[in-house]
Amino acid sequence: MICLDNPRDSAERAVSALLKVPAPADDLGRLFARAGHSLYLVGGSVRDALLGRLSAGADAADLDFATDARPERVLEITRDWADAVWEAGIAFGTVGLIRTGVRFEVTTYRTEAYDRASRNPTVAYGDTLEGDLARRDFTVNAMAVSVPGHEFVDLFGGMADLARTVLRTPGSPEASFDDDPLRILRAARFEAQLGLTPVAELVAAMRSRASRLMIVSVERIRDELRKLMLSADPVVGLERLVDIGVADIVLPELPALRMEIDEHHQHKDVYTHTLTVLRQAIALEDPLPEGGPDEVLRWAALLHDIGKPKTRRHISGGGVSFHHHEVVGRDMTRKRLAALRFPKDVTDAITLLVFLHLRFHGYGRGEWTDAAVRRYVHDAGPYLSRLHKLVRSDCTTRNRRKAETLAATYDALEERIARLSEQEEIAAIRPELSGDDIMELLGLPPGQLVGRARAHMLDFRFEAGLVGRQAAETELLRWARENGVPIPGEQPDR
């Protein structure tokens, strides 16, 4: 045990210099000490502090704690201190708090394990910090610092593992994964997120316990996959999941790509091509307004070719084709994300990009009409910028001349979009006549006929651009006559 405030030698001074305890943690620790309870900063908070990823000031991010106090006692101690309290995790021994914008999660010492037939962990409270740390997922998350005393506890060599960039479990990896199979996905995520390489015995246990993931709830699996995709290098984690057979359970469309030869014959298989596209898409990411990686773009890059296995056809000359794989891929993407219970808005965005990613290849050398360009922009809607990045990332050919030609052609398309945008608001194209206008001019009630008329006027808008209201009304009346729709005040032809 090391006292961070009074290090005894150079090694302890080095730890003290690295591990700066956030001031809000000490505030909460003093509150628990006055109430006669122990409180420790634990898990990812300590790990990130040692890695220099945790703020030590009042703007500290989420902080995790372990205590000997039971949840009901935690609520009593913090009732007048916290600005807000939530009890969603209290069944698992966790009380959530917010104080001056900092989020705290305080969990009673515990042990947890899965019943073979259960999707949820059973929780039993423990009595010691040592027992609590022993049941944690990995040694790098099994370190603790007392607050406000600042005594550093590292019973399983977590700090040494961080220094060696390896991932181990405090005890037997098989027992750890039996306790909570989700830790298999967490291991892959930490490899992608923190650059920690699982030791050989950990990898073996991940492989042997992969089927245990079938008892874990879809929501927990989804959340881990989303975190993995937002990691610094998700490809590393994804490759691990494929190699150990876990992807066959949680994301089977990905390993299914390994047997399909890319139609350009520039890659070993579509799987390799897909991971290259993902890395290239990440390199093109722009910072989002809310901060952080672009999850929608990353998932679209990962899933853009999952329709290829089902559409693979051999053609004369020894080649293969994947006609309409973007349509099949769209449907497969929606099905997979629905199975993982992704939010609808995220699913819709990813699915749209998968569907549109191939359309540019019909552009040729610029043969598209302005109408086709308008449709491209309209169909992409608010995801046009992401579509640009996905299409550019999808070029993985090693033929330099071909790559330069594709890039130049897409440059030309973007320039055309910019020119049209200067003339008209093509990013928000809509008919020059609204549904109300159509009903008034044709004397129609709301219904399918109005929808058909509006769809025609949208097509007309794509083809003709902005023509003005009078010309738009003339076109609507022409369409009505052609389709036998009565026009108020006009005698039908006999």
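The structure contained in this document is the topic of the report that follows. (Residues numbered from 1 in each chain as written. Predicted model: local features only at pLDDT ≥ 70, side-chain atom pairs only at ≥ 80, totals over all residues. Heavy atoms only, no water.)

What the protein chain contains, in helices and strands, is 23 helices and 14 strands. Relative to the globule expectation of 23 Å for 494 residues, the C-alpha radius of gyration of the protein chain, 29 Å, shows a markedly less compact shape. Among the 494 residues that make up the protein chain, the fraction classed as buried is 50%. When contacts within the protein chain are restricted to residue pairs at least 6 apart in sequence, long-range pairs at least 24 apart make up 67% of them. (Helix = DSSP H or I, 4+ residues; strand = E, 2+ residues; numbered from the N terminus. Rg over C-alpha atoms; globule rule 2.2 N^0.38 Å. Buried < 20%, exposed > 50% of the residue type's maximum accessible area, 1.4 Å probe, protein only. Contact = heavy atoms within 4.5 Å.)

Before going further, it helps to spend a moment on the pairing of strand S9 (residues 143-146). On S9, burial covers both faces: Met143 and Val145 on one face and Ala144 and Ser146 on the other are all buried. As judged from the three bridges shared by strand S2 (residues 39-42) and S9, these two strands associate in the antiparallel manner. Pairing of Tyr40 across the sheet is with Ser146, part of S9. Examined bridge by bridge, S9 and strand S10 (residues 151-154) share three bridges and lie antiparallel to one another. In the sheet register, Met143 faces S10, and the bridge partner there is Asp154. In this structure, the hairpin formed by S9 and S10 is closed by a connection of four residues, where His150 is found at a positive phi of approximately 65 degrees. (Pairing = 2+ DSSP bridges.)

Attention now moves to the packing of helix H18 (residues 370-380) against helix H19 (residues 384-393). Relative orientation of the contacting elements H18 and H19 amounts to 110 degrees, with a least axis distance of 8 Å. Viewed along their axes, H18 and H19 adopt a mutual orientation that is roughly perpendicular. Packed against H18, whose contacting residues are Tyr376, Val377 and Ala380, the element H19 presents Leu384, Leu387 and Val391 at the interface. Across the contact of H18 with H19, the residue classes break down as six nonpolar, no polar and no charged. (Axes fitted to C-alpha atoms, helices over the stretch in contact; angles between N-to-C directions. Parallel < 35°, antiparallel > 145°, perpendicular 65-115°, else oblique. Nonpolar A, V, L, I, M, F, W, Y, C, P; charged D, E, K, R; others polar.)

Our focus in this paragraph is helix H11 (residues 234-243). Turn by turn, an α-helix covers 3.6 residues, leaving residues three or four places apart pointing in a common direction. Most of H11 is tucked away: seven of the ten residues are buried. If you check which residues of H11 are buried, you get Pro234, Val235, Gly237, Leu238, Arg240, Leu241 and Val242. Positive backbone phi, at 85 degrees, marks Gly245, one or two positions downstream of H11.

Here we come to the nonpolar core. Residues Leu28, Phe65, Phe152, Leu302 and Tyr376 are the most contacted members of the largest nonpolar core, which totals 110 residues. Those residues in contact with Leu302 that lie beyond four places of it in its chain are Met229, Leu238, Leu251, Leu254, Thr274, Leu275 and Leu278. Counting 15 residues, the second largest nonpolar core, distinct from the first, contains Met439, Leu442, Ala472 and Val485. (Core = buried A, V, L, I, M, F, W, Y, C linked by side-chain atoms within 4.5 Å.)

Attention now moves to the pattern of salt bridges. Throughout the structure, instances matching the rule amount to 38 salt bridges. Between Asp132 and Arg135 there is a salt bridge, and its shortest N-O distance comes to 3.7 Å. Judged by relative accessible area, Arg135 falls into the buried class, the value being 13%. (Salt bridge = Lys/Arg side-chain N within 4 Å of Asp/Glu carboxyl O.)

At a closest axis distance of 10 Å, the pairing of helix H10 (residues 218-229) and helix H14 (residues 295-303) adopts a crossing angle of 95 degrees. Comparing their axes, H14 and H10 come out roughly perpendicular. Residue-level contacts link Leu225, Arg226 and Met229 of H10 to Glu295, Arg298, Trp299 and Leu302 of H14. Of the residues contributing to the contact of H10 with H14, the split by class is four nonpolar, no polar and three charged.

Now for the sheet that holds strand S4 (residues 84-86). Spatially, eight strands are ordered S1-S10-S9-S2-S3-S6-S5-S4 in an open sheet, and the strand pairing comes out mixed. Edge positions in the sheet fall to strand S1 (2-3) and S4, since each of these pairs with one other strand and no more. Running at roughly 40 degrees to strand S6 (residues 102-108), helix H2 (residues 23-34) makes contact with S2, strand S3 (63-67), strand S5 (94-99) and S6 of the sheet. Lying over the sheet, helix H4 (residues 71-78) contacts S3, S4, S5 and S6, oriented at roughly 15 degrees with respect to S5.

This next bit is on the packing of aromatic side chains. Enumeration according to the criterion identifies six aromatic pairs in this entry. Seen in terms of ring centroids, Trp81 and Phe104 are 5.3 Å apart; in terms of plane orientation they differ by 70 degrees. Their pairing is edge-to-face. Here Trp81 is found in the loop between H4 and S4, whereas its partner Phe104 is found in strand S6, with 23 residues between them in sequence. Neither Trp81 nor Phe104 differs from the other in exposure class; each is buried. Between the aromatic rings of Phe138 and Phe190, the centroid separation amounts to 5.7 Å while the plane-to-plane angle is 85 degrees, which identifies the pairing as edge-to-face. With Phe138 in the loop between helix H5 (129-134) and S9 and Phe190 in helix H8 (residues 183-194), the pair connects residues that are 52 residues apart, well separated along the chain. One aromatic cluster is present, built from ring pairs that chain together Phe65, Trp81 and Phe104. Over the face of the ring belonging to Phe342 we find Arg226, whose NZ or CZ atom lies 5.1 Å from the ring centre. Taking NZ or CZ as reference, Arg330 lies 4.6 Å from the ring centre of Phe355, over its face. (Phe/Tyr/Trp six-rings, centres within 6.5 Å; stacked < 30°, edge-to-face > 60°. Lys NZ or Arg CZ within 6 Å of the ring centre and 35° of its normal.)

Note that all results are geometric; they support no functional claim without further evidence.
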